[in-house]
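# Observations on the three-dimensional arrangement
Each chain is listed here by its residues.
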Amino acid sequence: MIYLDNAATTAISPKVMDVLKESMDSDFANPETIYSIGLDAKKKVERAKQDIVSALNIPSTHKIVFTSGGTEANNLFIKGFCFLGKKVAYLGLEHPSILEPVAYLGSLGNNPLSLLEYQTEGRLDLKQSSVLTKSQSRLLCLSHVNNELGTVNDPISVFEALHINSPDTRLFIDGVQAVSIMKISSKMWPGLAAYSLSGHKIHGPKGIGLLVYDSRLSITPIIHGGRQQDGVRSGTLPVPLIRAMARAIVLAVERTDEMQDHFNFLNNRLVQGLCELNDQLPELDIRFNSLVTDDLQKQSPSIANFSFAPVEGEVLLHHLEEKNIFVGLGSACSASSKKPSKILTGIGLSEEEARCSLRVSFSGNNTIEDVDLFLKEFSIAYQGLYPAFREKYSRN
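Right, let's walk through the structure included here. Note that the structure is a prediction, hence the values are computed from the model and not measured.

Cut-offs and rules
- Residues numbered from 1 in each chain as written.
- Predicted model: local features only at pLDDT ≥ 70, side-chain atom pairs only at ≥ 80, totals over all residues.
- Heavy atoms only, no water.
- Helix = DSSP H or I, 4+ residues; strand = E, 2+ residues; numbered from the N terminus.
- Rg over C-alpha atoms; globule rule 2.2 N^0.38 Å.
- Buried < 20%, exposed > 50% of the residue type's maximum accessible area, 1.4 Å probe, protein only.
- Contact = heavy atoms within 4.5 Å.
- Axes fitted to C-alpha atoms, helices over the stretch in contact; angles between N-to-C directions.
- Parallel < 35°, antiparallel > 145°, perpendicular 65-115°, else oblique.
- Left-handed = near helix turned anticlockwise from the far one by under 90°.
- Nonpolar A, V, L, I, M, F, W, Y, C, P; charged D, E, K, R; others polar.
- Salt bridge = Lys/Arg side-chain N within 4 Å of Asp/Glu carboxyl O.
- Pairing = 2+ DSSP bridges.
- Phe/Tyr/Trp six-rings, centres within 6.5 Å; stacked < 30°, edge-to-face > 60°.
- Lys NZ or Arg CZ within 6 Å of the ring centre and 35° of its normal.
- Core = buried A, V, L, I, M, F, W, Y, C linked by side-chain atoms within 4.5 Å.

A separate point is the overall build of the chain. Regarding its fold elements, the chain presents 12 helices and 14 strands. The C-alpha atoms of the chain give a radius of gyration of 22 Å, which matches the 21 Å a tight globule of 396 residues would have. Based on the C-alpha atoms only, the size of the chain along its principal axes is roughly 70 × 55 × 35 Å. When each of the 396 residues of the chain is scored for burial, the buried share is 56%. For the chain, the share of sequence-separated contacts (at least 6 apart) that also reach a separation of at least 24 residues comes to 75%.

Relative placement of two packed helices is described by the angle separating their axes and the distance separating the axes. Contact pair helix α2 (residues 36-56) / helix α7 (residues 239-254): the axes reach a minimum separation of 9 Å and the direction vectors enclose 20°. Between α2 and α7, the crossing angle belongs to the class labelled roughly parallel. Regarding α2 and α7, the two cross each other, and that crossing is left-handed. Packed against α2, whose contacting residues are A41, K44, V45, A48, D51, I52, A55 and L56, the element α7 presents V239, I242, R243, A246, I249, V250 and V253 at the interface. Considered class by class, the residues forming the contact of α2 with α7 number 12 nonpolar, no polar and 3 charged.

In this section: the pattern of salt bridges. One pass over the structure, following the stated rule, counts 16 salt bridges. The salt bridge involving D5 is made with R359; its shortest N-O contact spans 3.0 Å. On the criterion of sequence distance, the pair formed by D5 in the loop between β1 (2-3) and α1 (14-26) and R359 in strand β14 (residues 357-361) is long-range, its members being 354 residues apart. We note that D5, like R359, is buried. R243 is the partner of E22 in a salt bridge, and the nearest nitrogen-oxygen pair spans 3.0 Å. Taken together, the positions of E22 in helix α1 and R243 in helix α7 put the pair 221 residues apart, joining distant regions of the chain. In this structure E22 comes out as partly exposed when scored by relative accessible area, which is 36%.

Taking strand neighbours across the sheet as the criterion, the 3 strands line up as β11-β12-β14 in an open arrangement whose pairing is antiparallel. The outermost strands of the open sheet, each flanked by one partner alone, are β11 (287-288) and β14. As paired strands, strand β12 (residues 303-307) and β14 are joined by 5 bridges and run antiparallel to one another. Each residue of the ladder has a partner; that of F306, found in β14, is L358.

This part is about the packing of aromatic side chains. Under the criterion given, the structure shown has 11 aromatic pairs. Taking 5.9 Å as the distance between ring centres and 50° as the angle between the ring planes, the aromatic pair formed by F306 and F308 counts as tilted. By relative accessible area, which is 0% here, F306 ends up buried. In this structure F308 comes out as buried when scored by relative accessible area, which is 0%. A connected cluster of aromatic rings, assembled from ring pairs, spans F306, F308, F374, F378, Y382 and Y386. Over the aromatic face of F81 sits the side chain of K86, whose NZ or CZ is 4.9 Å from the ring centroid.

In this section: the nonpolar core. Counting 95 residues, the largest nonpolar core has F66, L115, L140, F308, L316, F374 and F378 as the members making the most contacts within it. When residues in this core are grouped by element, the largest group, 11 residues, is from α7. Aside from chain neighbours lying at most four places away, what touches F378 is L274, L277, L284, I286, F306, F308, L316, L320 and L358. Counting 23 residues, the second-largest nonpolar core is a separate cluster that includes I78, I98, F172 and Y213.

This is the structure in structure tokens:
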């Protein structure tokens, strides 16, 4: 099997699985209980939390809240911070776990501000950040790495622009696609109101994520109950999942330099191969939707998105699946929708171009042979499908 949809999820690391299995056996006690095995479980949670703090350079001004994943972390902060009438702004190219909470706040009269007209290459044009002051937006929500395009909003650069042009606007970053690919600098945190992560995107388990937030901010909880985690997020803590995610984060951070080089190598081979196919096949017209650059402040090398009208991406995806090659169409959370990607149409693609697209996303498990076999089978599938789609679109 060749798995090239790592932006959707990643295979759990054997080292992380070892921690998860051991903890499932030994850490069954509720960490809120006051007898010895409960107190031991609580100590292991605190140790895991400290490992995360050290790996991500999190300062004492910020706290960690464990959630069920990136979606809950995004919902918790956006709703919890803005619920009492604070106006929220967003680029309009984010994951549904940002777009839908923002839409929900809009239904309550928040009147959120879309900055889609100010996107450049899938990123916020920082020269336009003064519009946030004019709109009195109190929170700006962005993706560190866009889940479909791989384009980067550098948190430090965004904060510096906000500090000058809109100092009353706080910054929330969805970091789910960033850890293990982007270096998490200690300089990032002073400018962040909050940052979210998810375990299963970095070779950890599903069902666990976290929110890192500025403890000086007030957050209205969206889950009420036993007032665990300072009352910000109630619910019994899943000790094995927390320990496993902490291990995944530590391993991911340790390998960041290595992974950046590896992803650049694979991405360059993919882009080169697609360009060669473009030259060889007169009917093929590749459009790169992600940036073709080695600049890590603009583009993650782990994600490549490209279009090839008139052949539809979903049909080509299933042809590749028959060869045991798995790629993505875009966000797995909205893959069942028959509508074209809002992210791709948001950066200017027509609906046809958006439908005729694929996303390839790498992990450390991928090899150059994976890329070469993908290119070979993509070429065969495209040539086989092109006549039928050319005829279909010539009739429309």
